[in-house]
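If you want the building blocks of each chain, they are given just below.
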Amino acid sequence: MESIKEKILVVDDEASIRRILETRLSMIGYDVVTAADGEEALDTFRHATPDLVVLDVMMPKLDGYGVCQELRKESDIPIIMLTALGDVADRITGLELGADDYVVKPFSPKELEARIRSVLRRVEKTGSSGIPSSGVITINSIRIDTNKRQVYKGDERIRLTGMEFSLLELLVSRSGEPFSRSEILQEVWGYTPERHVDTRVVDVHISRLRAKLEDDPSNPELILTARGTGYLFQRIVEPGEE
């Protein structure tokens with residue numbers, strides 16, 4: 001039985017980039033749809049229901065930031081931004097608006113293909129050691145269901161992107177123990193060591209998680225900073241362990 005292809009939406013106003021990526025991604029087994037500007041991107045997204053979006057920042061009609069904001073209002077779809085070389089502000093803005101990862105232009109198609117594989121792999125259901133067999137973790141008002149990949153704060157479901165959930169699941173799997181930023185980059189994003197200098201990806205995602213889960217994000221009680229190391233989740237005490 002033939003497996004269903006994952007569908008990628010490539011959004012870029014440069015026809016040559018759209019053509020190259022459509023060809024390359026189709027060759028390695030993806031179904032590819034394209035859009036040349038932000039408005040067309042949103043329209044294509046709603047009709048084609050892709051599994052991941054590759055999104056350029058600088059585009060006519062509606063730029064990549066605007067598209068990212070609109071997508072996050074209605075979907076947790078993985079988003080990889082294409083940003084200008086050396087423009088750190090571009091990368092941070094994209095991540096703060098909800099992008100899962102970014103690739104810097106000019107890029108090699110192989111690099112983008114690796115990022116796509118890594119992001120799609122992480123947003124699929126994965127189990128972690130250190131998670132109870134029930135798959136459900138409750139701490140204060142937060143309930144994390146790792147089987148359904150859902151998080152509740154009280155009775156309200158908190159929408160997390162796939163990468164945000166994978167990051168939270170990683171931290172919870174070793175609650176009370178710090179993870180370095182490099183460990184997180186490798187475990188969640190699949191970054192190779194040469195990209196481990198790029199720790200802002202972790203910092204921005206931690207900020208996004210705190211904003212969604214903490215009562216007071218400026219004084220976090222769940223996701224803590226390990227000075228000089230990275231981050232850890234507050235130690236979860238199992239019943240009878242106290």
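Predicted, not measured: the structure shown is a model, and the values here were computed from it. Position labels on residues start from 1 in each chain and follow its written sequence. Side-chain atom pairs in this predicted model are given and counted only at pLDDT of 80 or more, local residue features only at pLDDT of at least 70, and totals for whole chains, interfaces and linings cover all residues. Based on all heavy atoms of the structure, the side-chain values leave hydrogens and waters out of the count.

A. Just the UniProt feature "modified residue: 4-aspartylphosphate" (unreviewed entry) in the protein, in detail. UniProt positions are given in the numbering used here, feature names are shortened, and annotations may be inferred rather than shown by experiment. Using the residue numbers shown here, the UniProt feature "modified residue: 4-aspartylphosphate" (unreviewed entry) corresponds to Asp56. Where helices and strands are cited, they refer to DSSP runs of H or I of at least four residues and of E of at least two residues respectively, numbered from the N terminus. Here Asp56 shows up in strand S3 (residues 52-56). Exposed residues in this analysis have more than 50% of their type's maximum accessible area, buried residues have under 20%, and partly exposed residues fall in between, with area computed by a 1.4 Å probe over protein chains only. When its relative accessible area of 4% is taken as the criterion, Asp56 is described as buried. Each residue touching Asp56, except ones within four places of it in the same chain, is listed here: Val11, Asp12, Asp13, Gly64, Leu82 and Lys105. We call two residues in contact when some of their heavy atoms are within 4.5 Å.

B. Here's a closer look at the pattern of salt bridges. Salt bridge criterion: a side-chain nitrogen from Lys or Arg within 4 Å of a carboxyl oxygen from Asp or Glu. Taken as a whole, this structure holds 17 salt bridges when the rule is applied. Across the salt bridge formed by Glu113 and Arg24, the nearest N and O atoms sit 3.0 Å from each other. With Glu113 in helix H5 (residues 109-123) and Arg24 in helix H1 (residues 15-27), the pair connects residues that are 89 residues apart, well separated along the chain. Overall, the relative accessible area of 7% leaves Glu113 in the buried class. For Arg24, a relative accessible area of 28% puts it in the partly exposed group. The salt bridge partner of Asp56 is Lys105, with a shortest N-O separation of 3.1 Å. Taken as a pair, Asp56 in strand S3 and Lys105 in the loop between strand S5 (101-104) and H5 lie far apart in primary sequence, 49 residues in all. Taking the relative accessible area as the measure of exposure, Lys105 reaches 16% and is therefore buried.

C. Main features of the pairing of strand S1 (residues 7-11). For S1, the buried fraction is high: four of the five residues fall into the buried class. With five bridges connecting them, S1 and strand S2 (residues 31-35) associate as parallel partners. When the sheet's bridge partners are listed, Lys7 is paired in S2 with Asp31. By convention a crossover is right-handed if, when the strands point away from the viewer, the path from the first strand over the helix to the second runs clockwise. Tracing the backbone out of S1, into H1 and back to the parallel element S2 gives a crossover that is right-handed. Strands are treated as partners if at least two bridges between them are detected by DSSP. Relative to S3, S1 runs parallel, the two sharing four bridges.

D. Geometry of the sheet that holds strand S10 (residues 179-180). Strand order in the open sheet formed by three strands is S10-S12-S11, and the pairing between neighbours is antiparallel. Two strands bound the open sheet, and with one partner strand each, they are S10 and strand S11 (223-226). With four bridges joining them, S11 and strand S12 (residues 230-233) adopt antiparallel strand pairing. Of the residues in S12, the one forming a bridge with Leu224 is Leu232. Here helix H6 (residues 162-173) sits on the sheet in contact with S10, S11 and S12, set at roughly 75° to S12. Lines fitted to C-alpha atoms define the axes here, with helix axes fitted over just the stretch in contact, and angles between the N-to-C directions of these axes take values from 0 to 180 degrees.

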